[in-house]
Amino acid sequence: MSDAGQALARTLQSPLPPGFDTVADADLARLHGFLTKAVEHRSTSLDDAIAGSLKHTPRLMRPAVKKALGL
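Note that the structure is predicted; figures quoted are calculated from it, not measured. (Residues numbered from 1 in each chain as written. Predicted model: local features only at pLDDT ≥ 70, side-chain atom pairs only at ≥ 80, totals over all residues. Heavy atoms only, no water.)

Asker: What am I meant to see in the overall build of the protein chain here?
Answerer: Of the regular secondary structure elements, the protein chain holds three helices and zero strands. Listing every helix and strand of the protein chain by position from the N terminus yields α-α-α. In summary, the protein chain has a C-alpha radius of gyration of 19 Å against a globular reference of 11 Å for 71 residues, an excess of more than 25%. Principal axes of the C-alpha set define a box for the protein chain whose edges measure 55 × 20 × 15 Å. Here the protein chain holds 71 residues, and 13% of them are scored as buried. Only carbon and sulfur atoms are counted for the fraction: they give 61% of the accessible area of the protein chain, which is about 5,700 Å². For the protein chain, the centre of its 9 positive side-chain charges and the centre of its 7 negative side-chain charges are spaced 19 Å apart. (Helix = DSSP H or I, 4+ residues; strand = E, 2+ residues; numbered from the N terminus. Rg over C-alpha atoms; globule rule 2.2 N^0.38 Å. Buried < 20%, exposed > 50% of the residue type's maximum accessible area, 1.4 Å probe, protein only. Areas by Shrake-Rupley, 256 points an atom, 1.4 Å probe, with all protein chains shown as cover. Lys, Arg positive; Asp, Glu negative; His and termini not counted. Charge placed at Lys NZ, Arg CZ, Asp CG, Glu CD.)

Asker: Looking at this structure, I do not really get the side chain of Thr57. What am I missing?
Answerer: Within the secondary structure layout, Thr57 lies in the loop between helix 2 (25-54) and helix 3 (62-69). Judged by its relative accessible area of 16%, Thr57 is buried.

Asker: Would you take a moment to explain the nonpolar core for this structure?
Answerer: Buried together is how nonpolar side chains tend to be arranged in soluble globular proteins. Formed by Ala4, Leu8, Ala9, Leu16 and Leu28, the largest nonpolar core amounts to five residues. Sorting elements by how many residues they give to this core places helix 1 (residues 3-12) first, with three residues. (Core = buried A, V, L, I, M, F, W, Y, C linked by side-chain atoms within 4.5 Å.)

Asker: Hey, could you run me through the environment of Leu8 in this one?
Answerer: Topologically, Leu8 is positioned in helix 1. For Leu8, the contacting residues outside a window of four places in its chain are Leu16, Phe20, Leu28, Leu31, His32 and Leu35. (Contact = heavy atoms within 4.5 Å.)

Asker: Which parts of the structure should I look at to understand the packing of helix 1 against helix 2?
Answerer: The packing of two helices is summarised by the inter-axis angle and the distance between the axes. Remark: helix 1 packs on helix 2, axes separated minimally by 8 Å, with the N-to-C direction vectors making an angle of 25°. Here helix 1 lies roughly parallel to helix 2, going by the angle between them. Judged by the sense of rotation from one axis to the other, the crossing of helix 1 with helix 2 is left-handed. Side by side, helix 1 and helix 2 meet where Ala4, Gly5, Ala7, Leu8, Thr11 and Leu12 of the first sit next to Asp25, Leu28, Ala29, Leu31, His32, Leu35 and Thr36 of the second. For the contact of helix 1 with helix 2, the residue count by class is eight nonpolar, four polar and one charged. (Axes fitted to C-alpha atoms, helices over the stretch in contact; angles between N-to-C directions. Parallel < 35°, antiparallel > 145°, perpendicular 65-115°, else oblique. Left-handed = near helix turned anticlockwise from the far one by under 90°. Nonpolar A, V, L, I, M, F, W, Y, C, P; charged D, E, K, R; others polar.)

Encoded structure:
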């Protein structure tokens with residue numbers, strides 16, 4: 001498997017399905033870039049949502065809520 005394929009498999013945390021070995025390295029690298037940006041965007045959106053929801057939590061309860069959420 002090519003370096004681009006290995007990087008994509010690591011990002012997916014799963015082996016690539018059969019047939020991906022026929023995909024060009026440039027296309028795999030491009031797909032990996034799209035996936036990486038999507039994961040970063042999801043992480044940022046989730047962080048923003050958590051921060052926004054904590055604004056609705058009474059200040060004295062925030063540490064307990066953060067602990068319960070594992071933050």
